[in-house]
Amino acid sequence: MNIFSDEAKKVQQCPFIVVQKVRNLQAISILRNVTGLDAGESEALILYGEQCADLLLMDENKGRKVAKQMDIKHIGTVGVLLEAYTRKILKSYEVETCLEAMLKSEIRLSKELCNMVLEYVGLPKRY
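Structural notes, computed from the coordinates. (Residues numbered from 1 in each chain as written. Predicted model: local features only at pLDDT ≥ 70, side-chain atom pairs only at ≥ 80, totals over all residues. Heavy atoms only, no water.)

### Overview of helix α4 (residues 61-69)
One full turn of an α-helix is made of 3.6 residues, so residues set three or four places apart face in the same direction. Those residues of α4 that sit buried are G63, V66 and A67. Looking straight down α4, one finds its buried side chains confined to an arc of 105 degrees; they lie on one side. The exposed set on the far side of α4, more than 90 degrees from its buried face, consists of N61, K65, K68 and Q69. Those residues of α4 that are buried lie in contact with α2 (25-35), α3 (39-50), β1 (56-57) and β2 (74-75). Phi turns positive one or two residues past the end of α4, at D71, with a value near 60 degrees. (Buried < 20%, exposed > 50% of the residue type's maximum accessible area, 1.4 Å probe, protein only. Helix = DSSP H or I, 4+ residues; strand = E, 2+ residues; numbered from the N terminus. Arc of directions from axis to C-beta. Contact = heavy atoms within 4.5 Å.)

As structure tokens, this is what we get:
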């Protein structure tokens, strides 16, 4: 079992995370056909509207472009790390550890972005 399987179980057991189903399935289908997004991204975009959400977590570039076109406020995982650091929830070495784990799991992050994050949290560039 890898770290992400363990983390997924922890997330599933969090009492403050609630799974919501999208009500408008036709909207998902239309969005997928028009944009070429996959089901998960399309569901997230539609659910954002249905839930009157404040912020959407979206990492995929294509999904982020569509979110921007739809005037949906969004953030990526790296943005969440930076926000957690800024709010003193994470320390600089923890941000670095998260970046390393993301890179090892083959999540596509540019080396330039990783170095910018490291600099922001006061660490030397590594990539």
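This is not the end of the story, as more comes after the structure.
### Describing the packing of aromatic side chains
The tally for this structure, following the rule as stated, stands at 1 aromatic pair. Note on Y85 and Y120: the rings are 6.1 Å apart at their centroids and 70 degrees apart in plane angle, and the pair reads as edge-to-face. Taken together, the residues Y85 in helix α5 (residues 77-86) and Y120 in helix α7 (residues 111-120) connect sequence positions 35 residues apart. For Y85, a relative accessible area of 25% translates into the label partly exposed. (Phe/Tyr/Trp six-rings, centres within 6.5 Å; stacked < 30°, edge-to-face > 60°.)

### Comments concerning the state of the cysteines
Inspection of every chain in the model, using the stated rule, returns 0 disulfides. No disulfide involves C14; its sulfur sits 15 Å from that of C98, the nearest cysteine. With a relative accessible area of 22%, C14 lands in the partly exposed category. With no disulfide of its own, C114 has C98 as its nearest cysteine by sulfur position, at a separation of 12 Å. (Disulfide = S-S within 2.5 Å.)

### Examining a negative patch on the surface
A surface patch of like charges, here negative, comprises D38, E43, D59 and E60. Take D59: it is sitting in the loop between β1 and α4. (Patch = residues over 30% accessible without salt bridge, like charges linked within 9 Å, V, L, I, M, F, W, Y side chains within 5 Å. Areas by Shrake-Rupley, 256 points an atom, 1.4 Å probe, with all protein chains shown as cover. Salt bridge = Lys/Arg side-chain N within 4 Å of Asp/Glu carboxyl O. Lys, Arg positive; Asp, Glu negative; His and termini not counted. Charge placed at Lys NZ, Arg CZ, Asp CG, Glu CD.)

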